[in-house]
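Below, each chain spelled out in residue letters.
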Amino acid sequence: MTDLRVLSVASEVFPLVKTGGLADVAGALPAALAPLGVAVRTMMPGYPAVMSAIEQGEDLHHWKDLFGGKARLIAGTAKGLDLLALDAPHLYDRPGNPYLDATGKDWPDNALRFAALSFAAADVGRGLIAGYQPDVIHAHDWQAGLVPVYLRYGHGKKTRAPGTVVTVHNLAYQGQFPHATLEALKLPSESFTLEGVEYYGQVGFLKGALSLADRITTVSPTYAQEIQTREMGMGLDGLLRHRAQFLSGILNGIDTAVWNPAKDPLLSARYDGAKLGGRKANKAAIRERFNLAAESDGPLLTVISRLTWQKGIDLALAALPQLVAAGGQLALLGSGDAALQSELTAAAARHPGSVGIVLGYDEALSHLLQGGADAILIPSRFEPCGLTQLYGLRYGTVPIVAHTGGLADTVIDANEAALAAGVATGFQFAPVTAEALDAALERVFRCYREPSVWKSLQKNGMASDVSWQRPAEHYAALFRSIVPHRAAPQRAKVKAV
Ligand code: ADP
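Fair warning: this is a prediction, and the values are worked out from it, not measured in the lab. (Residues numbered from 1 in each chain as written. Predicted model: local features only at pLDDT ≥ 70, side-chain atom pairs only at ≥ 80, totals over all residues. Heavy atoms only, no water.)

Looking now at helix α4 (residues 110-125). Its 16 residues give α4 an end-to-end C-alpha distance of 22 Å, which sits within 8% of 22 Å, the value for a rise of 1.5 Å per residue. In terms of residue burial, α4 counts as a mostly covered element, since 15 of its 16 residues are buried. After α4 finishes, the residue G127 shows a positive phi value of roughly 95 degrees. (Helix = DSSP H or I, 4+ residues; strand = E, 2+ residues; numbered from the N terminus. Expected span 1.5 Å × (residues − 1). Buried < 20%, exposed > 50% of the residue type's maximum accessible area, 1.4 Å probe, protein only.)

A few words now on helix α1 (residues 21-33). With 13 residues, α1 should cover 18 Å at 1.5 Å per step; its first-to-last C-alpha distance of 18 Å lies within 8% of that length. Three or more residues of α1 are buried, namely L22, A23, D24, V25, A26, G27, L29, P30, A32 and L33.

By nearness alone, 16 residues border the ligand, and R306, K311, G360, D362 and L387 come closest of all. Between the ligand and L387 there is a distance of 2.9 Å, counted from an oxygen atom to a backbone nitrogen or oxygen. A distance of 3.3 Å is found between an oxygen atom of the ligand and a side-chain nitrogen or oxygen belonging to Y391. For the ligand, whose free accessible area comes to 560 Å², the fraction covered by protein is 89%. Counting residues per element, the ones that place at least two in the shell around the ligand are β13 (300-307), β14 (329-336), α13 (363-372) and α14 (388-395). The greatest single-element share of the shell around the ligand, amounting to three residues, is contributed by β13. Of the residues belonging to the shell around the ligand, the class tally is five nonpolar, seven polar and four charged. (Near = heavy atom within 4 Å. Polar contact = N/O pair within 3.5 Å; in protein donor to acceptor, adjacent residues only side chain to side chain. Areas by Shrake-Rupley, 256 points an atom, 1.4 Å probe, with all protein chains shown as cover. Nonpolar A, V, L, I, M, F, W, Y, C, P; charged D, E, K, R; others polar.)

The accessible area lost on association of the parts is a frequent measure of interface size. Assigned domains within the chain: domain 1 (4-253 + 470-485) and domain 2 (278-465). The gap between the C-alpha centroids of domain 1 and domain 2 is 34 Å. Taken together, the contact between domain 1 and domain 2 spans 17 residues of the former and 16 residues of the latter. Both faces combined, the contact of domain 1 with domain 2 buries some 1200 Å², and carbon together with sulfur accounts for 56% of it. Connecting domain 1 to domain 2 are zero salt bridges. At the boundary of domain 1 and domain 2, one finds six residue pairs in polar contact (both at pLDDT 80 or more). At four residues, the largest contribution of residues to the side of domain 1 that touches domain 2 is made by helix α8 (residues 221-226). Of the residues in the side of domain 1 that touches domain 2, the class split is eight nonpolar, six polar and three charged. (Domains from an automatic or database assignment. Contact = heavy atoms within 4.5 Å. Buried area = accessible area lost by both parts, 1.4 Å probe. Salt bridge = Lys/Arg side-chain N within 4 Å of Asp/Glu carboxyl O.)

Written out as structure tokens, the structure is:
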């Protein structure tokens, strides 16, 4: 039975609009929370892809002027989601990427575009819609970061405000805009303080959320600790330390129906934890696609990644001579940074038959790589959660990961103790340097040469629970923990300006 109503506010939601892991989380949590008695409604911008997917839409509210144009709130279902779409053509009726114009630059009015989403969500939180009062608003990333800010400083009815949870999917994206935008954002000058949105003289969307939300989560426990340090706090560590008692990490899960090696139509051959035989055909298909030799002495590693500094692709490049000399192979699928792309192309030319790359984004190929490579290498400098190691665990592709963020929380390193106890699922290395990666690769090769050890790593990984069930239980408990708080007298005093 449903006993809690949550309004999830996000700028992208899988399968409607996706550029990253945020969309996966926002898309997966509603179904995972439903059996736990938590009814999630999802509120997002009415981009063209959203407007065309809505079925049986019902107009709930009209704004004559929402940040520069007419807008309406539409309720409907789309791809199984209970959706509230903010239809504001002047803000969202644009083709392509939700954040960038055709030249790849941020839309110049992004501050207004996402402030409007938060503004409207805060209105819904205050009881804008008859018969719908959320208990909790779950705001994702800076794009929804102004929800707690509008609840605190915005105009509106003086009803009981819902509790607020903000989830940080990547602290690198903070949403900072000039002080001069404050008025256009309909925020009063008293919001421009240390307690509010002021951030080094600018308006900080995420900063405001971190200051004012009842609870803050990140997508792994280790990342929740790391962002409280100077090195990894990206300027917000002081505030995060200040709010540490309200900050926690909840790991992401994956869609175990889409990522299921026993049923995956994108594989050349399917298999399960009891019988890994199908992996051979997948490995052969990968070698053909990446122009790799049909045999090798060492393991076939894969990398599936955005090509950026964060992902440590330069470390993978530095490891190639050792990897190839030891008889290993690499199949890399990625897109991004132009300099890294050309370095990778050159590396593939230097090591024909041993290093193959495909540049671009290719969902189907990423499944094949998970279904046939021996190991997946993830040398990230920081990683809020990471998904590819979770797919790797599920598919028996042994993860080799940097000891950081969600990578540290999801892979059990094959050290002596873990091997003896039979619980290891992969390899971790630290610090995140070429030397430490080289040392880890030596361990990888040693284990690979002992087929029974390697198989146990694969099977342990495939037996680990990477579904949304446990994370959903944590979110449900967190949401419930702030509902009495919301009703407490001091929270009932919502400041209406
Ligand atoms: P991030 O969100 O920082 O890019 P994650 O590991 O959390 O990193 O998620 C990346 C997602 O994008 C995974 O689902 C991964 O399989 C996918 N991905 C990344 N690069 C590619 C690519 N070139 N082709 C196909 N899928 C990719």
